[in-house]
Amino acid sequence: MPPSSQDFKHLNLSLKIRDRARLLGGGRPDPRTAENKENRISHGGNLQTSGRNLSNQWKTNFQNRQRQNLPEVPPGIPFLLKIDPTELDLDFLYTMFNLEVVSEQEDGYVLVASGDFELEKFFDSLEKFVGNVSGGGGASKIYALHEDTDSRLQRILSEHLYQNWPNINDNNVYIVEIGIECLGTNRLTNPPEKKDTETEDSYQQKLSRWKNKADNVYQQLDQLRIERESSLQRFVEGYDGKFLTSFIDGETSQISNLPDSFTTKISISGKGLKDLVQNYAFVFEVTEPDDISDHFSSGQFDQFQEINAELIQPNGDAPKVCVIDSGIQEGHRYLAPAIDSRNSFNYVSEQHADVADGVQPGGHGTRVAGAILYPRSIPTDGIYQLPCWIQNARVLDNNNQLPQEVFPPAILNKIVERYHSVLGTRIFNHSISSTFPCRKKHMSAWGAEIDRLSHDYDILFIQAAGNIFTDSSNPFRLGIIQHIQNGRNYPDYLLEDSCRVANPAQSFNALTVGSVSEAVLSDGIRTSLGGVDFPSAFSATGPGIWDVIKPDVVEYGGTYAIDDGDPPRLTSPEQLCPELLRANTGPAYARDAVGTSFAVPKVTHIAAELQKVLPDEPSLLWRALIAQSARWPEWAMNSDSQTYGNILRLIGFGLPSLERATSNNAYRMTFISSGIQLISARDIHIFEIVIPESLRNIGEEYDLLIEVTLSYAANPRRTRRNKRGYLSTWLEWRSSYLGESPEHFGERNIHGRNSGNSSHDGVLPWVIREQNDWGDAQGLNRTSGTLQKDWALLKSHQLREGFCIGVVAHEGWDKNPDSKAKYTLAVSFEAINKDIEIYNDLRIANEIEQEIEQEQEVEIEL
């Protein structure tokens, strides 16, 4: 009798070492900083002149506001600085110049604010710099002070708002989302480090004093947030504006809070909006609300469908999946046995408790829910046990849009509070995305809320990458027809900026899903755009913000066919559409709609199956295993390696596999970390996998595929421009070199230890690598995001007796020594030619090693 998949379970990774990591140094400073030091008088004089002009301008401006009896704003001068772009630590701006950093921008630009109209400390530091006196050196890193307001506006407003800013009418009412920075000038200093000659008692006393100061800083930050929320409310009400709220359990939710900022949605007159943007010093972002995008097409279908399937409801302990969407037709015969109807909720309106899917034609949330339960096809006969429970959180109206009063970050917070905190739900299907590409300056409030919730709770958001219109002249999201008419044919147009993933698909912690085609069509009239497993014609692509690999994975969501008309016509024939359930009128199911929305639930299905197999493991591990199971299709694997970077942008890590995610086989073994792993900045965790002699036999030439995926989460904030400023702690993984011993790996990566022995045969041939120009996937690297996968193909005899992976933590924005990132790790070995069975040899070798370790631990305890 052949072994079942239950005989090929994942094996736990062995954590060998926790220690301080050897961290590599930063980049070279910009030469302009040295030039400014050489030209102190002229550089300092230019800054002084700009500073005096700015101070005089804002003193006059503030006096005019008082005379006009305009709503009060917090005292402060908002302006733009150009600083050394290599400078990662902005603390010098408030320690030396008393400037509050409102937000960090690209290319060294920083939005700052000064509560002192006289700029006394700014001028004092400049005088020290000109006189070459201690305390003024930071001025060399300030390249320019921009007096014009337009440069600041361009960095605060969304692209669309900036373009239309001259046309803002004072008397019209506008709905916008406002981001307010609230860090102030109170900062944590670095915690004390223990000296070699210092006693433990002395160090603990210093650490205790530091923590007392830290508590005081936290209290001041909380008070500042309250003050700025109140001042913004008074300002908005002063222009007869209002905060837009959504009814949730009889309460209102209007603000999204992060450690450095809050974001809210308001309606306000054009006059008030211009005053707020130009004069409220702590505004760092103003955007219009997101419209929701999706694709629907009506097809011809047979109304009669003979259905004899017997559907059995999920087991009582089956996973629960919350579908955040347009509602669900809960009485649908294919859905009813799996609906957790007692916990359905309408987040759209206070007046209506209706949770049904009213989107025409055929529904949206109903299709999504069906694809979770039936990811490949709809059963028409036989017995089918439904795999999970479906929970219905309706947030979209009958037009498949977010109502104006709905603020997505606040809604998600309340949904998680209800479904996770009360009901224990850990998987959230979020087949919703905005019409336009995500912005790349700052993580959006929507994306940041997904990241925060994923960090704070053990939950997984599975997110749609977004869709491209068939026909649109909007420059921010051109339609497919417009691309083709401009000479950009499929699939080249998918790499254009206007095809970038949509908000909030850039979220670091969401598992973002794009779409590929499952079929091909060529009937003499129409031709499908893309063959089997090629990216769908409409699927938004990466990279996401800060060049993070997005989408993470892809699934089958259909594609378009094109004719030879002028202009060409795009259609979605049933041959190119996935089979989906339908709501309202018509048949129970059909092939009549396409979109990334319908690729997402197929990945959600895998997540639910992983929860069954690994119910006690963190959702971070489910995310890791989905990415670990993903493979590029044949066309991608056979492509020229110089195109690998573009392939990553189109399909991420590829198509996931339920089988590879949940189990192994005789030729494949997956090792996983167990439970949440916690790591502090500057530390390294080293895992070792014992490689049996059968694989290391020098006389054999087995092709071995090694895959590694790190999945982690850290606390986010919004006002900074890269992962180092966005995440409290950021992680990367390092691997053994070819032929490198575990001992040397530890010596190479642990701080302060180096035996001088560098015996190895070089770096493994990883596809992506740690830097943008190191691997075959040029332009992208594996360390940018919080889901870091890479793979390499090598000969098995190139490995030593132990293969090591080191997870390294780097300091982000949080200086608190108690701050830790959460992570999980997966490592797989596979004999891709199936010419040697490796599972049992790997299992036995590593189980023996783990038993020895456990015995040693017991002996030590005794």
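The structure we're discussing is the one just above.
First things first, this report covers the structure right here in the doc. (Residues numbered from 1 in each chain as written. Predicted model: local features only at pLDDT ≥ 70, side-chain atom pairs only at ≥ 80, totals over all residues. Heavy atoms only, no water.)

1. Structural notes on the overall build of the chain
Argument step 1. Along the chain, the regular secondary structure elements total 21 helices and 35 strands.
Argument step 2. Relative to its length of 862 residues, the chain is compact, with a C-alpha radius of gyration of 28 Å against a globular reference of 29 Å.
Argument step 3. A principal-axis box enclosing the C-alpha atoms of the chain has dimensions of 85 × 70 × 55 Å.
Argument step 4. Counting all 862 residues of the chain, 60% fall into the buried class.
Argument step 5. A fraction of 80% describes how many contacts in the chain between residues 6 or more apart in sequence connect residues 24 or more apart.
Argument step 6. Treating the 82 positive side-chain charges of the chain as one cloud and the 118 negative ones as another, the clouds have centres 5 Å apart. (Helix = DSSP H or I, 4+ residues; strand = E, 2+ residues; numbered from the N terminus. Rg over C-alpha atoms; globule rule 2.2 N^0.38 Å. Buried < 20%, exposed > 50% of the residue type's maximum accessible area, 1.4 Å probe, protein only. Contact = heavy atoms within 4.5 Å. Lys, Arg positive; Asp, Glu negative; His and termini not counted. Charge placed at Lys NZ, Arg CZ, Asp CG, Glu CD.)

2. Thoughts on the state of the cysteines
Argument step 1. A full pass over the atoms with the stated rule returns 0 disulfides.
Argument step 2. The thiol of Cys388 is unpaired, and the distance to the nearest cysteine sulfur, on Cys322, comes to 12 Å.
Argument step 3. Looking at Cys388, the relative accessible area reads 0%, which means it is buried. (Disulfide = S-S within 2.5 Å.)

3. A few points about the layout of surface pockets
Which parts of space are left empty comes out when a probe the size of a water molecule is rolled across the atoms.
Argument step 1. Here the second largest pocket is characterised by a volume of approximately 620 Å³.
Argument step 2. Those elements giving two or more residues to the lining of the second largest pocket turn out to be α6 (159-164), β13 (283-287), α10 (408-422) and α11 (445-456).
Argument step 3. In terms of residue class, the lining of the second largest pocket is made up of 10 nonpolar, 11 polar and 11 charged. (1 Å grid on protein atoms, 1.4 Å probe; cavity = no way out; pocket = protein on both sides within 12 Å on 5 of 7 lines; lining within 4 Å. Points joined across faces, edges and corners; volume = space filled by probe spheres on them. Nonpolar A, V, L, I, M, F, W, Y, C, P; charged D, E, K, R; others polar.)

4. Things to note about the pattern of salt bridges
Argument step 1. Counted according to the given criterion, the structure contains 42 salt bridges.
Argument step 2. For Lys141, the salt bridge identified is with Glu87, shortest N-O distance 3.4 Å. Here Lys141 is found in the loop between α4 (120-130) and β6 (142-146), whereas its partner Glu87 is found in the loop between β3 (77-83) and α3 (91-95), with 54 residues between them in sequence.
Argument step 3. In this structure Glu87 comes out as buried when scored by relative accessible area, which is 18%.
Argument step 4. Here Glu811 and Arg682 are joined by a salt bridge, their closest N and O atoms 3.6 Å apart. Separated by 129 residues along the polypeptide, Glu811 in strand β34 (residues 802-811) and Arg682 in the loop between β29 (677-680) and β30 (683-690) bring together distant segments of the chain.
Argument step 5. A relative accessible area of 30% places Glu811 in the partly exposed class.
Argument step 6. Overall, Arg682 belongs to the partly exposed group, its relative accessible area being 30%.
Argument step 7. Via salt bridges that share partners, Arg631, Arg668, Glu707, Lys789 and Glu830 belong to a single interconnected network. (Salt bridge = Lys/Arg side-chain N within 4 Å of Asp/Glu carboxyl O.)

5. Some remarks on the packing of aromatic side chains
Argument step 1. Tallying each qualifying case throughout the model produces 25 aromatic pairs.
Argument step 2. Ring centres 5.8 Å apart and planes at 85° place the aromatic pair Phe508 and Trp546 in the edge-to-face group. A residue pair is termed long-range when its members are at least 10 positions apart, and Phe508 in the loop between α12 (480-485) and β21 (511-516) and Trp546 in the loop between β22 (527-528) and β23 (553-556) qualify at 38 residues.
Argument step 3. Owing to a relative accessible area of 3%, Phe508 belongs among the buried residues under this scheme. (Phe/Tyr/Trp six-rings, centres within 6.5 Å; stacked < 30°, edge-to-face > 60°.)

6. Re the pairing of strand β18 (residues 389-394)
Argument step 1. With respect to burial, β18 is a largely interior element, 6 of its 6 residues being buried.
Argument step 2. Covered by surrounding structure in β18 are Trp389, Gln391 and Ala393 together with Ile390, Asn392 and Arg394, the residues of both alternating faces.
Argument step 3. When strand β15 (residues 320-325) meets β18, the two strands line up parallel, connected through 6 bridges. Bridge pairing links Val323 to Asn392 in β18.
Argument step 4. Of the pairings in the sheet, the one linking strand β16 (residues 345-346) to β18 comprises 2 bridges and is parallel in character. For Asn346, the partnering residue across the bridge sits in β18 and is Arg394. (Pairing = 2+ DSSP bridges.)

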